[in-house]
Structures are given as structure tokens and as C-alpha cells.
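# Descriptive analysis of the structure
Below are the chains, spelled out letter by letter.
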Amino acid sequence: MKSATPKVLHELCGRSMVGHVVLAANELAPERLVVVVGHGRERVVEHLAELDAGVRTAVQAEQRGTAHAVRTALTALAADDGGAPTGTVLVTCGDTPLQTGATLRALAERHAAEGNAVTVLTMELPDATGYGRVVREPDGSVTEIVEHKDASPAALAIREVSSGVFAFDGALLAEALEKVGSDNSQGEEYLPDVLRILRGAGHRVGAERVADPRELVGINNRVQLAQARRLLNDRLLEAAMLAGVTVVDPASTWIDSTVTFEPDAVVQPNTQLLGATHVAALAEVGPGTRLTNCTVGEGALVVHTVADTAVIGAGAKVGPYSYLRPGTLLGSDTKVGGFVEVKNSTLGTGTKVPHLSYVGDATIGEHTNIGASSVVVNYDGEAKHRTTIGSHCRTGADNTFVAPVTVGDGSYTAAGSVITVDVPPGSLGVARERQRNVAGWVARRRSGSAADRAAQAALAAAEPDHDQD
């Protein structure tokens, strides 16, 4: 990956690679779930503890192969529980995040139904270069897995390959692992050798073929990570569309696996929905919108907007070019218009902030209109302070509200005012200098300029014509 981040912690669709695998494994409700960690294990262990407190970890201090990794896991389980597992043991890979719980369940069910010692999850590929070929008997049982470099021409013609995912009889697995050697070019202990050992002891080795080989795509670089992200995103969007969501352009729409929808939601092009975002029925999001951990109410419209940890009420209209920061709570039928930023503030039902304004650390009541180019001055350089504007207020354009300050219900404020003192309910707050005009200033201070010439022409045109009767 050429990264300071351990490979399995790289993310796709809002979850780490290993997080996706743990989620799929947990769909089977396993008695014990163990993740073998090696490189960067401190960060991986910390991540797993945050992800799922029930996940155990086993440290593979030296990376000596896949069989050694599994033996490390069994040893950790034996130390914790007083013995190796005796039931079915599933082994999967932390860098195959597209696998599903349904596929793992099908593998476990095939393993139990056939009474196999080992069942390997396989896939068919049009180009099997580099993969171990699965050689079967006429009855469907597996004879061996032949590595590509060791395969005969006949074996190379086989398109069914091993995915590296297995179901084992736990007791037989523990016995066979003790017989796995490292007499190979890499000097490592390979898990597929267990199949050969158990087959040689007369036990049956079976296989479950996955329907979609893309589920088992492994990730070893950023190119493969992007490809897997595209596949997972397509899967998530397809599920949403089949559940009644309109996605106008899936190719330019990206969602996390934790995003939820209600039927008849609409997602317009060039939109990203991230984290625990929820879009309700009849709501329309996009185009050009990025929502993170947001709730969008029924029938709301959110256009060309960036929002993080905000609640957008039913029927609200947001955008274009709005920015909703954490703590924003928009009531039903509110409006946050063009080039408006809102942070840690509540807007009541029907309230509008239509144009070019900043609202921070404020509570605004119902059916209030905030004039264009208004600013809530919430920060004094050391601390944040709160502003309260009541219901049914009309604030003038270019107002500045210097917190802490309160504007009472039903009040007005005059355009251009700097409000520093509370405005009682039903009052008009005016805080501005009276205008005075200095006649002739341009002629004296900008004589001969374009402005002076325009002014002289206007004055001449305004003078009465005394030559006419």
C-alpha cells in the first residue's frame, strides 16, 4: 500500500477492510471471533477494540505463513478457553472486504452437510494466473490445490481456484497444523498443506463455489482498493435502488455502507453520503452535495451543500452553496439559502436565512426571517457566546448580532444595525449612525475624475432651463 497505515485499516465505503470482514463474520454469530495481527498490530488492536469489544486478537510476532497464522489463533484460543476449538472453524482473510456473511454461511452449511474435514471456498476466473488451481474428483471432492508455479499444463487449464477461505473440522485442523512444514522456496507454513495432509489421512475435502468471484477480491495496493470501493459502492447503490430509492447517476454517487434511506428518496448526481446519514422519503439530495452523519427529513431539498452532523427537518430547503456544521438543527419548512453557514444553531419551524449569512451558536424561533448579509458574532477571541432571536422576527439586511444578545419575539431590527443590547419583544432595534451627505466633496477631492465628470453632467441635467417660457 506504500502507507504508514496498516493495510487492513485502509477504508472503503466508510469502514476499514478488516471492519467489513468482521461484520460479515459476525453475521454467523460465531462463538469466538479471532483476528490474527502482525504488522502495525497496536493500531489494528486499538481499532478492533473500538469496532467490536467481542473480537479477540492473536499476535503473530513473526509472519511465517498462513498455517502459522492459524496455529497462532488456535493457540490463543486454547490458552484462553482451555483447549482448541472442536466445532467448525472458518478461516478468512482480512484484506477481502467484499465477502458477505451469506457466502460464509453457505460455506459453513456445505461443510456440515457433507461432513468434510475441510471445505474450501472457490471461484472461477477467466484468467486464473497466479492462483492455486482446485483439482476435483468426479464426485466433486477436492484432490488438491496446485500452486500456479507447480501446475502441469492440464492443471493450468483449470479455471476454478482457491480463494484462501476455508471451513475446517476444528479438532482435525489442530492435529494437521502440527504436521505442516516449511520446506518450500519461501520457508513458510502454508494453510493449503492442511488439505493435502487431511486428504492423505483419508478425510474428505470439499468445496463451495462462490457465485460472484468479485466478493473475494483481495487488496494489495491502492489501485485494487479503488476497484473494490467501486464494486462495493455499486452493490450498496443497487440495494438502495431495489428498495425504492432513485439514484439518478450511480456512476457519480458515492455512499457509505452505514447510510440508510426510505423509499422514494432521490439522490442527484455528484453526491456523497457518508457516515450515519439517513435520507427520508420524498427528500431530494444533490446535485453536488456532501453529507456526513446527517439526517434529512421527509420532503426536504438539499442542493450543492456540505453538511456534517446536522439535522435537516421535513420540507426544509438548503442551498445552493450552503455549509451546515456540527450541531445544526433545522426545523420543518426552514430555509438556509445561498452562501449561508450555520454552526451549532437551532432554527425553528418556517424560519429563513436566505442569503449570504453566518449563524453560529444561536437559537432562532419559528417563522423568523434573517436579512441578507447578517452575521452572528459568537466568538470574543477566547469564548463562544450564544444569541437568541425569537419567533416571528424580521431582522434587517447587513445586521450584526454581538453575542450574548437576545431579540424578543415579534421584533424588527433595522438594516445595517449592530445589535449589542437586547431588543424587547415587539420592538424595533436600530443601531447605526444617522447619514449625512457632504455636498461637493467629489468636485473638491476628485476634481477632473470620471466620477467628477459624471456628477457635473448629472447636476447640469437636473438644473431648470430658464430659457424656456
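Above this text you will find the structure in question.
In what follows, the accompanying structure is described. Quick caveat, the model's predicted, so the values are computed rather than measured.

Basis of the calculations
- Residues numbered from 1 in each chain as written.
- Predicted model: local features only at pLDDT ≥ 70, side-chain atom pairs only at ≥ 80, totals over all residues.
- Heavy atoms only, no water.
- Helix = DSSP H or I, 4+ residues; strand = E, 2+ residues; numbered from the N terminus.
- Polar contact = N/O pair within 3.5 Å; in protein donor to acceptor, adjacent residues only side chain to side chain.
- Contact = heavy atoms within 4.5 Å.
- Pairing = 2+ DSSP bridges.
- Salt bridge = Lys/Arg side-chain N within 4 Å of Asp/Glu carboxyl O.
- Axes fitted to C-alpha atoms, helices over the stretch in contact; angles between N-to-C directions.
- Parallel < 35°, antiparallel > 145°, perpendicular 65-115°, else oblique.
- Buried < 20%, exposed > 50% of the residue type's maximum accessible area, 1.4 Å probe, protein only.
- Patch = residues over 30% accessible without salt bridge, like charges linked within 9 Å, V, L, I, M, F, W, Y side chains within 5 Å.
- Areas by Shrake-Rupley, 256 points an atom, 1.4 Å probe, with all protein chains shown as cover.
- Lys, Arg positive; Asp, Glu negative; His and termini not counted.
- Charge placed at Lys NZ, Arg CZ, Asp CG, Glu CD.
- Phe/Tyr/Trp six-rings, centres within 6.5 Å; stacked < 30°, edge-to-face > 60°.
- Lys NZ or Arg CZ within 6 Å of the ring centre and 35° of its normal.

### Focus on the environment of D150
- If you trace the backbone, D150 turns up in the loop between β8 (142-146) and α5 (153-156).
- D150 sits 115 residues away from V35 along the chain, and the two C-alpha atoms are 31 Å apart.

### Brief notes about the side chain of D361
- The topology assignment puts D361 in the loop between β30 (358-360) and β31 (362-364).
- One polar contact links D361 to K343, side chain to side chain, over a distance of 2.6 Å.
- Side chain to side chain, D361 and N344 meet in a polar contact 2.7 Å long.
- In this structure, D361 is in contact with K343, N344, S345, N378, K384, H385, R386 and T387, ignoring residues within four places of it in sequence.

### A closer look at the sheet that holds strand β37 (residues 412-413)
- Taken together, three strands build an open sheet; the order of strands is β34-β37-β39 and the sheet is parallel. Either end of the sheet is taken by a strand with one partner, and the two such strands are β34 (394-395) and β39 (428-429).
- Here two bridges tie β34 to β37, and the two strands are oriented parallel to one another. Note on β37: the bridge partner recorded for T395 is T413.

### A closer look at the pattern of salt bridges
- In this structure the tally under the stated criterion is 14 salt bridges.
- Of the charged contacts, one joins E160 and R209 as a salt bridge, the two residues approaching to 3.3 Å between their closest N and O atoms. Here E160 is found in strand β9 (residues 160-169), whereas its partner R209 is found in strand β10 (residues 205-209), with 49 residues between them in sequence.
- Salt bridges here are not isolated pairs; linked through shared partners, they connect R110, E114, R204 and E208.

### Observations regarding the packing of helix α6 (residues 170-177) against helix α7 (residues 192-200)
- At a closest axis distance of 10 Å, the pairing of α6 and α7 adopts a crossing angle of 105°. Considering their axes alone, α6 and α7 lie roughly perpendicular with respect to each other. For the pair α6 and α7, contact is made by L172, L173, A176 and L177 and by V194, I197 and L198, respectively.

### Digging into the pairing of β9
- Counting buried positions along β9 gives eight out of 10 residues, so the element sits mostly inside the fold.
- Here strand β5 (residues 88-91) runs beside β9; their pairing, made up of four bridges, is antiparallel. Bridge pairing in β9 places V89 opposite F168.
- As paired elements, strand β6 (residues 118-124) and β9 share seven bridges and run antiparallel to each other. Residue pairing in the sheet places V120 in a bridge with F166 of β9.

### Here's the deal with a nonpolar patch on the surface
- Nonpolar side chains collect at one region of the surface, where Y321, F339 and L356 lie side by side and expose about 360 Å² of accessible area between them.
- Counting through the fold element by element, F339 comes out in the loop between β26 (335-338) and β27 (341-343).
- Among the residues examined, F339 registers a relative accessible area of 56% and is labelled exposed.

### Comments concerning a positive patch on the surface
- Among the surface-exposed residues, K317, K335, K352 and R394 lie close enough to one another that they form a single positively charged patch.
- You can see R394 is positioned in strand β34.
- For R394, a relative accessible area of 35% puts it in the partly exposed group.

### Focus: unusual backbone geometry
- The omega angle of the peptide bond from G286 to P287 is 5°, so this bond is cis rather than trans.
- Mapped onto the elements of the fold, P287 is located in the loop between β17 (284-285) and β18 (290-292).
- Residue P320 is bonded to the preceding G319 through a cis peptide linkage, with omega at 5°.
- With respect to the helices, strands and loops of the structure, P320 is situated in the loop between β23 (317-318) and β24 (322-324).
- With a phi close to 55°, T309 is a non-glycine residue in the positive phi region.
- Mapped onto the fold, T309 is located in the loop between β21 (305-308) and β22 (310-312).
- The class for T309 is partly exposed, based on a relative accessible area of 38%.

### A closer look at the packing of aromatic side chains
- If you walk through the whole model with that rule in mind, you get two aromatic pairs.
- Summarising the aromatic geometry, the rings of F166 and F168 are spaced 5.6 Å apart at their centres and angled 35° between planes, so their arrangement reads as tilted. Residue F166 shares its accessibility class with F168, and that shared class is buried.
- Each ring, one from Y321 and one from F339, has its centre 5.4 Å from the other, and the planes form 25°; the classification is stacked. A residue pair is termed long-range when its members are at least 10 positions apart, and Y321 in the loop between β23 and β24 and F339 in the loop between β26 and β27 qualify at 18 residues.
- The ring centre of W254 lies 4.2 Å from the NZ or CZ of R230, which sits over that ring.
- Directly above the ring of Y379 sits K384, whose terminal nitrogen or CZ lies 5.4 Å from the centroid.

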